Amino acid sequence: MTTTDNHNLLRSLINAAEKAANIARICRSNQQLLSLLVREKTGDEANARFEHDFKTLADVLIQEAIKYDVGNEFPEMKDNIRGEESPNFTNANGENIAIVVGPTATETEACLLAILQEEHQEAAKILAEEVHRQVTFDKELNEEIPELPNDVDYSQLGVWIDPIDATAEYISGDTMFTNFPGITSTGLDCVTVLIGVYDTTTGVPVIGVICQPFRNKLQENVYTSAMFWGIALPNLQVHCNALTNSSSDRGRLLGIFSSSERAELLQQMLELGYEFAFSAGAGHKALKVITNEVDAYVLSKGSTFKWDTCAPQAILRSLNGDIIEFQTSIREGKPIPLKYIPNEKESENAEEETTVDWKCNRHGLIAVRDIKLFDDLLQKLANS
């Protein structure tokens, strides 16, 4: 059994998420830098659900910083840390540069300069320093970080990272509110950093961290984070920042959906007694289920990926909730939880970089905080 002495994986993930938030805020606070860092995704990289999809240097740099920090502290996990983004970025000269976090800030700065060019040397220096800065956000939390069980085998754990979920919202920054208090439909509040840990033998998510980098606005371009985490190990289930209000407190059932959701499903949910909120960002919508501000997040389409759901599913599991496959669960008449390793049919192509099928939650999803809701939802959706 492999263990890592004097390290706490949850603490490392929380600090990595806050470092990610710092990088995201630095990039977002400088309009010139933000404009420079954005390039449109094309081909296989683009999400077919959106007319335009975006990739920013912030996305890639955050992902590689998390991989570097967690991989160095937990070398047993290093080969099982995956992210949404390719580490490659095209600079102004059309050169394809791989973002690499070096052992020192100077080496990371040199890599960034190859992308940003000499006229942006100060930006490269600031970003490199942030990548290598020690972050101790765990000490700012009111909740005590629990120790993980001694029998955790870190060599059997993998990580899925979404460095900036709701990238289009991160770029635009425009905010609109729904009719429901505390739920935004677009804007920086929808942006999340998602880090999920799963068991590589079973595919079950066991630890999740979600950070909202722009949750608390202090003044123009000055924000602090909100941090959410949960552990769903067999012998340890614990979480933080989970509100206690329920649908009975709200006086209604509330579902949260993508603005592109099928009208037929919305009609079915209406007939089940649900009111609707619409919002951007898969991580943000799942977070609203975690905080009990909505009862269910339902998505009929296969437009999310493993990096979108691993972290929130782990937190929901720590709360006696889960995320299940929409289509398969309705067809089978029972909850079929999302898994984070390929099944037998997908495993042959699982490691091919061009193969995204197994990484996609292609059967849609239903996320709830109370698994008792699954029974009613699956039965009535199947019969409608």
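Provided above is the structure to which this section pertains.
Read on for an overview of the structure. Residue numbers here run from 1 along each chain, matching the order of that chain's written sequence. Given that the model is predicted, a residue must reach a pLDDT of at least 70 before its local features are reported, and side-chain atom pairs must reach 80 or more before they are shown or counted; all residues, however, enter totals for whole chains, interfaces and linings. Hydrogens and water molecules were not included; the side-chain quantities draw on all heavy atoms of the structure.

Some remarks on the nonpolar core
Convention followed: Nonpolar cores were defined as sets of buried Ala, Val, Leu, Ile, Met, Phe, Trp, Tyr and Cys residues, with membership established by side-chain atoms within 4.5 Å. Three labels apply to residues, based on accessible area from a 1.4 Å probe with only protein chains included: buried if under 20% of the type maximum, exposed if over 50%, partly exposed otherwise in between. A run of H or I in DSSP becomes a helix once it reaches four residues, and a run of E becomes a strand once it reaches two; helices and strands are each numbered from the N terminus. Residue contacts are defined here by distance: any two heavy atoms, one from each residue, within 4.5 Å place the two residues in contact.
In this structure, L9, I14, I66, L148, Y170 and I207 are the most contacted members of the largest nonpolar core, which totals 65 residues. Elements supplying a minimum of two residues to this core: α1 (9-29), α3 (57-73), α4 (105-116), α5 (121-132), β6 (157-165), β9 (192-199), β10 (205-219) and β11 (222-233). Top contributing element to this core by residue count: α1, with eleven residues. When sequence neighbours within four positions are dropped, the list of residues in contact with I14 reads F137, D138, L141, I145, V209, M227 and W229. Ranked by size, the runner-up nonpolar core spans 33 residues in total, among them L254, A286, V294 and L316.

Observations concerning the pattern of salt bridges
In plain terms, the rule: Salt bridges are counted wherever a side-chain nitrogen of Lys or Arg sits within 4 Å of a carboxyl oxygen of Asp or Glu.
Under the defined criterion, the tally for this structure stands at twelve salt bridges. Across the pair R25 and E18 runs a salt bridge whose closest N-O atoms are separated by 3.0 Å. Look at E18 and you get buried, because its relative accessible area is 8%. D69 is paired through a salt bridge with K19; the nearest N and O atoms lie 2.8 Å apart. Here the residue D69 occupies a position in helix α3, and K19 occupies one in helix α1, the gap between them amounting to 50 residues. By relative accessible area, K19 is classed as buried at 7%.

Here's the deal with the pairing of β9
Where we set the bar: For two strands to be treated as a pair, DSSP must find at least two bridges joining them.
Within β9, seven of the eight residues are buried, which leaves it mostly tucked inside the rest of the structure. Strand direction decides the pairing type here: β6 and β9, joined by seven bridges, are antiparallel. Bridge pairing in β9 places L157 opposite D199. The pairing of β9 with β10 spans six bridges and is classified as antiparallel. If you follow V197 over to β10, its bridge partner there is I207.

Brief notes about unusual backbone geometry
Backbone geometry at A166 places phi at a positive 70°, although glycine is not the residue there. Residue A166 is classed as buried on the basis of its relative accessible area of 14%. Of note, N292 is a non-glycine position whose phi angle comes to about 65°, a positive value. Along the chain, N292 turns up in the loop between α9 (282-290) and β15 (296-299). Residue class for N292 comes out buried when judged on its relative accessible area of 10%.

Describing the packing of α1 against α3
A pair of packed helices is captured by two measures, namely the crossing angle of their axes and the spacing between those axes. For clarity, the threshold we go by: Axis geometry follows a simple rule: fit a line to the C-alpha atoms, using only the stretch in contact for helices, then measure angles between N-to-C directions, giving values from 0 to 180 degrees. In these notes the angle categories are as follows: under 35 degrees is roughly parallel, over 145 is roughly antiparallel, 65 to 115 is roughly perpendicular, and the rest is oblique. Put simply, a crossing is left-handed when the front helix is turned counterclockwise from the back one by less than a right angle, and right-handed when it is turned clockwise.
For the pair α1 and α3, the least separation of the axes is 9 Å and the interaxial angle reads 155°. Viewed along their axes, α1 and α3 adopt a mutual orientation that is roughly antiparallel. Judged by the sense of rotation from one axis to the other, the crossing of α1 with α3 is right-handed. Residue-level inspection shows L9, S12, L13, A16, K19, A20, I23, A24 and C27 of α1 in contact with α3, the latter providing A58, L61, I62, A65, I66, D69, V70 and E73.

Here's the deal with the pairing of strand β13 (residues 253-257)
Most of β13 is tucked away: four of the five residues are buried. In terms of strand pairing, β13 meets strand β14 (residues 274-278) through five bridges, oriented parallel. Of the residues in β14, the one forming a bridge with F257 is F278.

Concerning α3
Inclusion rule: Expected helix span is given by 1.5 Å per residue-to-residue step, counting one fewer step than there are residues.
Taking 1.5 Å as the rise per residue, α3 with 17 residues should run 24 Å; its terminal C-alpha atoms sit 24 Å apart, in good agreement. Within α3, the full set of buried residues consists of L57, A58, D59, V60, L61, I62, Q63, E64, A65, I66, V70 and G71.

Things to note about the layout of surface pockets
Under the convention used in this document: Here a cavity means grid points, on a 1 Å grid over the protein atoms only, where a 1.4 Å probe fits yet cannot get out; a pocket means an open set of points with protein on both sides within 12 Å along at least five of seven lines; lining residues are those with an atom within 4 Å of a point. Grid points are joined across faces, edges and corners, and a volume is the space filled by probe spheres set on the points.
Empty space within the second largest pocket amounts to approximately 440 Å³. As for the second largest pocket, its lining consists of 20 residues, of which S12, N15, E73, Q134 and V135 are closest to the centre. At the level of secondary structure, the elements contributing two or more residues to the lining of the second largest pocket comprise α1, α3 and α5.

A short note on the sheet that holds strand β12 (residues 236-239)
The mixed open sheet is built from six strands, whose spatial order is β3-β6-β9-β10-β11-β12. Single-partner strands in this sheet number two, and they are β3 (81-83) and β12. Averaged over all pairs of adjacent strands, the angle between strand axes in this sheet comes to 15°, irrespective of strand direction. Alignment of β11 against β12, held across four bridges, turns out to be antiparallel. In the strand pairing of β12, L233 is matched with L236. Strands β6, β9, β10 and β11 of the sheet are contacted by α1, whose axis makes an angle of about 35° with β10. Here α9 sits on the sheet and contacts β6, β9, β10 and β11; the angle it forms with β10, its principal contact strand, is near 100°.

A look at α1
Keep this limit in mind: Pairs of N or O atoms within 3.5 Å make up the polar contacts considered here, provided that, within protein, one atom can donate a hydrogen while the other can accept it, and that residues adjacent in sequence are counted only when both atoms are side-chain atoms.
Over its 21 residues, α1 extends 30 Å from the first C-alpha to the last, a length consistent with the 30 Å expected when each residue adds 1.5 Å. Summarising burial for α1: 18 of the 21 residues are buried, a large majority. The N-cap residue of α1 is N8: its side-chain oxygen and the backbone nitrogen of L10 are 3.0 Å apart.

Structural notes on the sheet that holds β14
What the five strands build is an open sheet, ordered β14-β13-β15-β17-β16; its pairing is mixed. Of all strands in the sheet, those bounded by a partner on one side alone are β14 and β16 (322-324). Pairs of neighbouring strands in the sheet enclose a mean axial angle of 25°, with direction left out of account. The pairing of β16 with strand β17 (residues 365-368) spans three bridges and is classified as antiparallel. Looking at the pairing, D322 lines up with V368 of β17. Against the sheet, helix α10 (residues 306-318) makes contact with β16 and β17, and its axis sits at roughly 130° relative to β16, the strand it touches most. Across the face of the sheet, helix α12 (residues 372-383) comes into contact with β14, β15, β16 and β17 while running at roughly 150° to β17.

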